[in-house]
Amino acid sequence: MSKAQKLISGIFAFVFALAIAPTASFAATNYDLSVNGEQFTSEKLTIQCGEGTATYDPATQNLTLDNASITNAVDYGGIDSELTGDLTITLQGSNQITFNDNIGIMATGNVIFHGSGSLAISVAGDTMDGISVAGDATMQNATVSVHSPGGLGIACDGTVSLDNTQLTSNGLYAGIDAADLVIKNGCTVNISATEQNCNAAYINSTDSSAGNMTIDGGTLQATSTVDSPLWAKGNIAIKGKAKVALNGEYPSGCNGNLTVYEAEIDAKNTSQNNIPALSDCPTIND
């Protein structure tokens with residue numbers, strides 16, 4: 001081969017390499033987040049959900065639901081997150097997750113709900129939870145309703161923290177089942193459980209420092225058809241001029257201290273037996 005032929009051959013090889021290089025370097029990235037039966041990728045950051053959309057920002061791990069209607073799932077969860085770190089769900093408009101036999105939201109990390117919109121979750125099926133979170137579940141200035149007649153309304157291995165939020169959560173086994181529960185700053189919360197030996201809020205953890213419930217302002221309605229409306233492994237503190245209405249067949253209480261500061265409590269017992277509505281005697285402060 002002559003020098004000219006070698007030069008032409010080398011130029012051709014270089015140009016060919018440049019032509020194929022962009023294809024290899026810009027391959028799509030798959031994100032550990034699926035909504036409505038589809039996975040987000042770097043080439044697909046918006047998923048159609050009925051007449052609305054779900055849009056994901058990987059830089060901030062923010063998922064925006066905008067009038068989304070979620071009725072499909074890849075495996076478990078209309079929203080299925082295996083993301084590390086916090087997943088923030090921003091609510092715009094009226095959003096719905098509806099299943100006959102699946103979980104509404106499943107996440108391996110922390111989840112934060114906020115936004116001017118609303119989210120209604122309705123799931124059926126044995127042991128199917130409305131929201132199942134392995135980390136913490138936080139709701140800030142949010143409006144969320146959960147209906148799970150075959151499972152838990154909210155199942156959380158960490159802390160459920162409600163801040164200026166309107167939440168309704170009805171479940172078979174509990175409205176809220178978590179390691180800790182904090183309700184503060186003008187929340188309106190209505191929770192219930194219908195199964196025997198189950199509480200509207202069951203706060204328990206293997207961690208000796210967890211299992212506590214704090215109600216600091218706002219209103220709470222808790223109803224247990226055949227057990228205690230509220231039960232905590234650790235302590236319960238009710239304060240901040242909170243208004244708490246309890247209705248159940250057995251007394252609400254905890255294994256630690258039940259302390260009431262400035263608050264209003266209306267506790268009713270539906271049992272035919274002459275038993276109290278509050279376990280033991282709460283400590284009254286202020």
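Residues numbered from 1 in each chain as written. Predicted model: local features only at pLDDT ≥ 70, side-chain atom pairs only at ≥ 80, totals over all residues. Heavy atoms only, no water.

K.L.:
Before we go on, may I ask you to explain the pairing of strand 14 (residues 137-140) in this structure?
P.N.:
Looking along a regular strand, one sees side chains alternate from face to face of the sheet. Examined bridge by bridge, strand 11 (residues 110-114) and strand 14 share four bridges and lie parallel to one another. Paired with Val111 across the bridge in strand 14 is Ala137. As paired elements, strand 14 and strand 17 (residues 159-163) share four bridges and run parallel to each other. Within the sheet, the bridge partner assigned to Met139 lies in strand 17 and is Leu162. (Pairing = 2+ DSSP bridges. Helix = DSSP H or I, 4+ residues; strand = E, 2+ residues; numbered from the N terminus.)

K.L.:
Would you explain the confidence of the model for the protein in this entry?
P.N.:
Any region with low pLDDT has predicted coordinates that should not be read closely. Residues with a pLDDT of 70 or more make up 91% of the protein, whose mean pLDDT is 91. Between residues 3-8, whose pLDDT stays under 50, and residues either more than four places distant or in other chains, the model counts one contact. Contacts for the low-pLDDT stretch residues 11-21, under 50 throughout, to residues beyond four places or in other chains number zero contacts. (pLDDT = per-residue confidence, 0-100. Contact = heavy atoms within 4.5 Å.)

K.L.:
Help me out: how do you make sense of the side chain of Asp180 in this one?
P.N.:
As for its position among the elements, Asp180 is in strand 20 (residues 180-184). One polar contact links the side chain of Asp180 to the main-chain amide nitrogen of Asn212, over a distance of 2.9 Å. Setting aside residues up to four positions removed in sequence, Asp180 forms contacts with Gly158, Thr159, Val160, Ile203, Ala210, Gly211 and Asn212. (Polar contact = N/O pair within 3.5 Å; in protein donor to acceptor, adjacent residues only side chain to side chain.)

K.L.:
Sorry if this is basic, but what is going on with the sheet that holds strand 28 (residues 253-254) here?
P.N.:
Two modes of strand pairing occur in sheets, parallel and antiparallel, and in both the strands are linked by backbone hydrogen bonds. As summarised here, the arrangement of the 10 strands in space is 2-1-7-10-13-16-19-22-25-28, forming an open sheet in which the pairing is mixed. In this open sheet, the two edge strands, each paired with only one partner strand, are strand 2 (38-41) and strand 28.

K.L.:
Is there a simple way to think about the packing of aromatic side chains in this case?
P.N.:
Any pair of aromatic rings gets described here by the distance separating the centres and the angle formed by the planes. Applying the stated criterion across every chain, the model contains two aromatic pairs. On the basis of an interplanar angle of 40 degrees and a centroid distance of 5.5 Å, the ring pair of Phe40 and Tyr56 is categorised as tilted. Of this pair, Phe40 sits in strand 2 while Tyr56 sits in strand 4 (residues 52-57), placing them 16 residues apart in sequence. Since its relative accessible area comes to 4%, Tyr56 is described here as buried. (Phe/Tyr/Trp six-rings, centres within 6.5 Å; stacked < 30°, edge-to-face > 60°. Buried < 20%, exposed > 50% of the residue type's maximum accessible area, 1.4 Å probe, protein only.)

K.L.:
Can you walk me through the sheet that holds strand 24 (residues 219-224) in this structure?
P.N.:
Here nine strands make up an open sheet; going across it, the order is 6-9-12-15-18-21-24-27-30 and the pairing parallel. The strands lining the two open edges of the sheet, one partner per strand, are strand 6 (69-70) and strand 30 (263-269). In terms of strand pairing, strand 27 (residues 242-248) meets strand 30 through seven bridges, oriented parallel. Bridged to Lys243 within strand 30 is Glu264.

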